[in-house]
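Here are the chains, one letter per residue:
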Number of protein chains: 2
Amino acid sequence: MIDLRRVQVLRVLADRGTVTATAEALHLTPSAVSQQIRLLADDLGVELLERTGRNVRLTVAAHALLRHADALHEQWERARAELAVGSRVTGTLRLCGVSSAVAALMAPAVARLRRDFPELDVHVAEEESEDCFTLLLAGQADIAVVLPTAGTPPVDDARFDQHVLHEDPQDLLVWRGHPFAEGGGGGGGGDVDGVRLSDAAAENWIVKPRHNDTYDLLLAACSAAGFTPRVTHHVKEWFAVSALVAEGFGVCLLPRLVPVPGEHPVVRVPVRGNPRPVRKFLCCVRRGSGSHPALAEGVRALRAAVGRLPG
Amino acid sequence: MIDLRRVQVLRVLADRGTVTATAEALHLTPSAVSQQIRLLADDLGVELLERTGRNVRLTVAAHALLRHADALHEQWERARAELAVGSRVTGTLRLCGVSSAVAALMAPAVARLRRDFPELDVHVAEEESEDCFTLLLAGQADIAVVLPTAGTPPVDDARFDQHVLHEDPQDLLVWRGHPFAEGGGGGGGGDVDGVRLSDAAAENWIVKPRHNDTYDLLLAACSAAGFTPRVTHHVKEWFAVSALVAEGFGVCLLPRLVPVPGEHPVVRVPVRGNPRPVRKFLCCVRRGSGSHPALAEGVRALRAAVGRLPG
DNA sequence: GGTAATTACGCGAATCGTAATAATG
DNA sequence: CATTATTACGATTCGCGTAATTACC
């Protein structure tokens with residue numbers, strides 16, 4: 001009869017690309033995934049996969065099926081949400097997000113949720129943005145707070161609802177004693193209202209490695225400001241970045257949400273200019289699920305956490 | 001995760017009204033039905049059934065779920081149909097219908113289908129109109145040819161697509177020698193163009209028992225013609241009806257699709273007037289499934305059978 | 001040789017049926 | 001007392017995992 005569980009496997013397969021990765025995402029073995037897809041294909045009487053090299057590729061029939069699957073899942077989510085409206089907020093709510101979102105937004109949001117809805121048990125997982133969408137798709141997470149990248153779905157993807165949760169401005173992090181750090185009516189270029197990025201064109205830059213959203217953000221911002229930064233150090237962890245800045249090896253762009261250890265003699269200097277370098281946190285749910293009470297309260301708590309941010 | 005099989009059980013339960021009847025329709029035991037509904041309710045976190053006497057009644061939440069279920073199933077049927085378009089007509093096609101539809105329409109239609117599409121194996125089942133819809137709903141039949149009654153769903157029911165396949169006129173069946181049987185320019189009320197029903201107001205009527213579509217049809221037609229028929233005999237089978245007519249015990253309204261044994265000395269006289277008494281055969285499928293190649297060919301074959309009817 | 005996908009087969013869990021229980025008309 | 005629904009428990013089926021096979025890079 002009607003069995004959407006198998007369609008769900010195909011859906012994740014379309015997201016991940018390989019049977020092995022799909023099995024991983026669904027906590028299954030490649031064998032199970034292969035069998036489910038085969039049974040679905042037999043049931044529908046069409047081929048869904050064709051081998052290409054040692055991988056598989058979805059047929060046009062599979063893609064046609066997926067278009068319908070998106071609509072079906074949306075409808076299903078709406079049904080679930082509508083049924084739950086009015087009843088008490090209970091059950092399980094699973095959040096996932098990138099590290100800075102977990103630390104700065106989810107932690108306080110979850111604290112609030114646990115206080116306001118003791119019957120709701122909330123789970124949090126830190127994952128990369130791309131993986132967050134896979135978790136949503138696989139039904140293993142309900143709300144994701146991510147940063148849009150080339151690997152994340154477009155805003156109008158039929159599988160998700162995405163909206164901007166927070167715009168996180170980037171500060172210029174300099175060592176204590178740096179000209180920019182002398183705020184107020186001081187001499188150099190420093191200013192309480194911030195410095196222009198172009199004023200820092202001559203600095204040495206410390207960055208997180210490539211394929212990191214802040215790396216791309218720096219390049220884009222500097223490009224808009226009319227220069228290419230001289231990148232001298234690549235470091236993975238923010239506390240290591242700020243340590244290097246403290247020692248005067250260079251400056252960096254630091255998201256305001258990211259805290260710096262108190263013992264590091266560094267100064268945050270706001271960046272002004274147009275466009276100001278910001279990274280936008282997106283709040284994402286499976287399309288249609290947003291009106292579910294538990295999810296709605298989760299999103300509300302995240303918004304409240306944004307509202308209670310300092311500054 | 002997503003499991004529409006349980007929703008399907010609820011759907012049939014809504015159609016049949018009791019757990020026992022649902023189990024019957026799905027070829028299950030009441031135990032299985034009860035358990036599936038319970039699991040579904042637990043999964044959704046809402047009550048779906050409440051006991052009323054020794055039966056059950058669907059809650060408002062259950063009805064809300066069913067509204068979505070109708071849309072989900074339509075979408076699913078559309079997906080299945082779209083995927084099958086273009087590929088060869090194969091698989092299984094299950095027809096059901098009332099007896100006269102089976103005899104006069106389905107038999108020739110199936111013959112044609114078996115000739116044109118040898119890969120398609122076609123099954124036929126004779127069922128009452130109400131049961132035909134249950135078969136469609138339960139996924140145990142694909143096309144139904146029925147007569148609309150008080151117990152069948154309204155035309156705009158979201159679960160089905162219904163359209164008029166054939167209008168079956170009713171003839172007046174009289175014994176040989178009856179005044180109406182003297183066609184041409186004869187004496188009484190007889191006429192090649194038929195007689196008015198009101199001309200037969202004084203006759204004795206033989207009918208199939210109450211709760212039969214032809215019984216209701218007769219009463220409605222006579223009411224429109226301005227009289228109430230004097231019903232003298234109730235008989236179940238048409239051949240027995242015509243036998244009584246042949247013996248001169250009375251007349252009857254006989255659907256043109258129903259054949260009479262050749263040895264019975266009776267005459268069919270067309271009925272004219274406005275509105276002419278006709279019964280309308282409906283061709284019904286699950287909503288959204290109509291564009292599936294096998295179903296489309298089935299419907300086409302039925303239409304062809306209608307076109308090849310005598311007269 | 002390492003990786004990806006698909007089989008073949010044995011095991012475990014989900015689901016169904018039987019039987020007993022409760023409640024209604 | 002017959003009918004309807006639910007629960008408990010044993011049985012069957014379906015689906016997953018392990019392992020072997022094939023194909024590809």
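About the cut-offs
- Residues numbered from 1 in each chain as written.
- Chains lettered and ligands numbered in written order.
- Predicted model: local features only at pLDDT ≥ 70, side-chain atom pairs only at ≥ 80, totals over all residues.
- Heavy atoms only, no water.
- UniProt positions renumbered as here; feature names shortened; annotations may be inferred.
- Helix = DSSP H or I, 4+ residues; strand = E, 2+ residues; numbered from the N terminus.
- Buried < 20%, exposed > 50% of the residue type's maximum accessible area, 1.4 Å probe, protein only.
- Contact = heavy atoms within 4.5 Å.
- Areas by Shrake-Rupley, 256 points an atom, 1.4 Å probe, with all protein chains shown as cover.
- Lys, Arg positive; Asp, Glu negative; His and termini not counted.
- Charge placed at Lys NZ, Arg CZ, Asp CG, Glu CD.
- Pairing = 2+ DSSP bridges.
- Buried area = accessible area lost by both parts, 1.4 Å probe.
- Salt bridge = Lys/Arg side-chain N within 4 Å of Asp/Glu carboxyl O.
- Polar contact = N/O pair within 3.5 Å; in protein donor to acceptor, adjacent residues only side chain to side chain.
- Nonpolar A, V, L, I, M, F, W, Y, C, P; charged D, E, K, R; others polar.
- Least-squares fit on C-alpha atoms with pLDDT ≥ 70 in both.
- Axes fitted to C-alpha atoms, helices over the stretch in contact; angles between N-to-C directions.
- Parallel < 35°, antiparallel > 145°, perpendicular 65-115°, else oblique.
- Left-handed = near helix turned anticlockwise from the far one by under 90°.
- pLDDT = per-residue confidence, 0-100.
- Disulfide = S-S within 2.5 Å.

Going by the annotation in an unreviewed UniProt entry, the name recorded for chain A is Transcriptional regulator, with Saccharomonospora cyanea NA-134 given as the source organism. Reading the Sequence similarities (unreviewed entry) entry of the UniProt record for chain A gives the comment "Belongs to the LysR transcriptional regulatory family."

This part is about the overall build of chain A. A tally of regular secondary structure across chain A gives 9 helices and 12 strands. Seen along its three principal axes, the alpha-carbon backbone of chain A occupies a region of about 75 × 50 × 30 Å. A burial count over chain A gives 49% of its 311 residues as buried. Of the contacts made within chain A by residues no fewer than 6 positions apart, 72% connect residues no fewer than 24 positions apart. Looking at chain A as shown, the accessible area adds up to about 14,700 Å², and 50% of this sits on carbon and sulfur atoms. Across chain A, the mean location of the 34 positive side-chain charges is 1 Å away from that of the 37 negative side-chain charges.

Residues and elements named next belong to chain A. As paired elements, strand β6 (residues 160-175) and strand β11 (residues 266-272) share 5 bridges and run antiparallel to each other. Each residue of the ladder has a partner; that of Trp 175, found in β11, is Val 266. For strand β7 (residues 195-196) and β11, the ladder comprises 2 bridges, and the chain directions are parallel. Looking at β11, one finds that Val 195 is bridged to Val 271.

Facing 27 residues of chain B, the contacting portion of chain A comprises 25 residues. Of the roughly 2,900 Å² buried between chain B and chain A, counting both surfaces, carbon and sulfur atoms make up 69%. In terms of surface lost to chain A, no three residues of chain B exceed Ile2(B), Trp76(B) and Leu83(B), which account for 28% of the buried area on that side. Where chain B packs against chain A, one counts 4 salt bridges. Glu82(A) is the partner of Arg67(B) in a salt bridge, and the nearest nitrogen-oxygen pair spans 3.5 Å. On inspection of chain B and its partner chain A, the count reaches 6 residue pairs in polar contact (both at pLDDT 80 or more). Put simply, the parts of the chain that give the side of chain B that touches chain A at least two residues each are α1 (4-16), α3 (30-44) and α4 (60-84) of chain B. For the side of chain B that touches chain A, a count of residues per class yields 15 nonpolar, 5 polar and 7 charged.

Turning next to the relation of the copies chain B and chain A. For the pair chain B and chain A, the best superposition has an RMSD of 0.1 Å and corresponds to a rotation of 180° with a translation of 0.0 Å parallel to the axis. The transformation just described matches what one would write down for a two-fold rotation axis. Residue by residue, 93% of the interface of chain B is reproduced at the interface of chain A, so both copies engage with the same surface.

This part covers the packing of helix α1 (residues 4-16) of chain A against helix α4 (residues 60-84) of chain A. For any two helices packed against each other, one specifies the crossing angle of their axes together with the interaxial distance. Residue and element names in this part refer to chain A. Between α1 and α4, the least distance of the axes is 10 Å, while the angle of their chain directions is 115°. Relative to α4, the element α1 is oriented roughly perpendicular. α4 is crossed by α1, and the crossing has left-handed handedness. Judged by residue contacts, Leu 4, Val 7, Gln 8, Leu 10, Arg 11 and Ala 14 of α1 engage Ala 62, Leu 65, Leu 66, Ala 69, Asp 70, Leu 72 and His 73 from α4. For the contact of α1 with α4, the residue count by class is 9 nonpolar, 2 polar and 2 charged.

This part is about unusual backbone geometry. Residue and element names in this part refer to chain A. With an omega of -5°, the peptide bond running from Asn 274 to Pro 275 counts as cis. Looking at where Pro 275 falls in the secondary structure, it is placed in the loop between β11 and β12 (278-286). The backbone of His 27 shows a phi angle near 60°, a positive value even though the residue is not glycine. Its location among the elements puts His 27 in the loop between α2 (19-25) and α3 (30-44).

The subject of this paragraph is the packing of helix α5 (residues 99-116) of chain B against helix α9 (residues 293-307) of chain B. Residues and elements named next belong to chain B. Remark: α5 packs on α9, axes separated minimally by 8 Å, with the N-to-C direction vectors making an angle of 125°. What the angle tells us is that α5 and α9 run oblique. As for the relative orientation of α5 and α9, their crossing is right-handed in sense. Residues Leu 105, Met 106, Pro 108, Ala 109, Arg 112 and Leu 113 of α5 touch α9, and the partners they reach there are Glu 297, Gly 298, Ala 301, Leu 302, Ala 304, Ala 305 and Val 306. Looking at the contact of α5 with α9, its residues break down into 10 nonpolar, 1 polar and 2 charged.

Averaged over every residue, the pLDDT of chain A is 93; residues scoring 70 or more account for 97%. Confidence drops under pLDDT 50 across residues 184-190 of chain A; counting only partners more than four residues distant or on other chains, this segment forms 11 contacts.

So, about the state of the cysteines. Enumeration according to the criterion identifies 0 disulfides over all chains in this entry. Left without a disulfide partner, Cys284(A) is nearest to the cysteine sulfur of Cys283(A), which lies 6.5 Å away. When its relative accessible area of 0% is taken as the criterion, Cys284(A) is described as buried. Here Cys222(B) stays free of any disulfide, with the sulfur of Cys252(B) as its closest cysteine sulfur at 12 Å. When its relative accessible area of 0% is taken as the criterion, Cys222(B) is described as buried.

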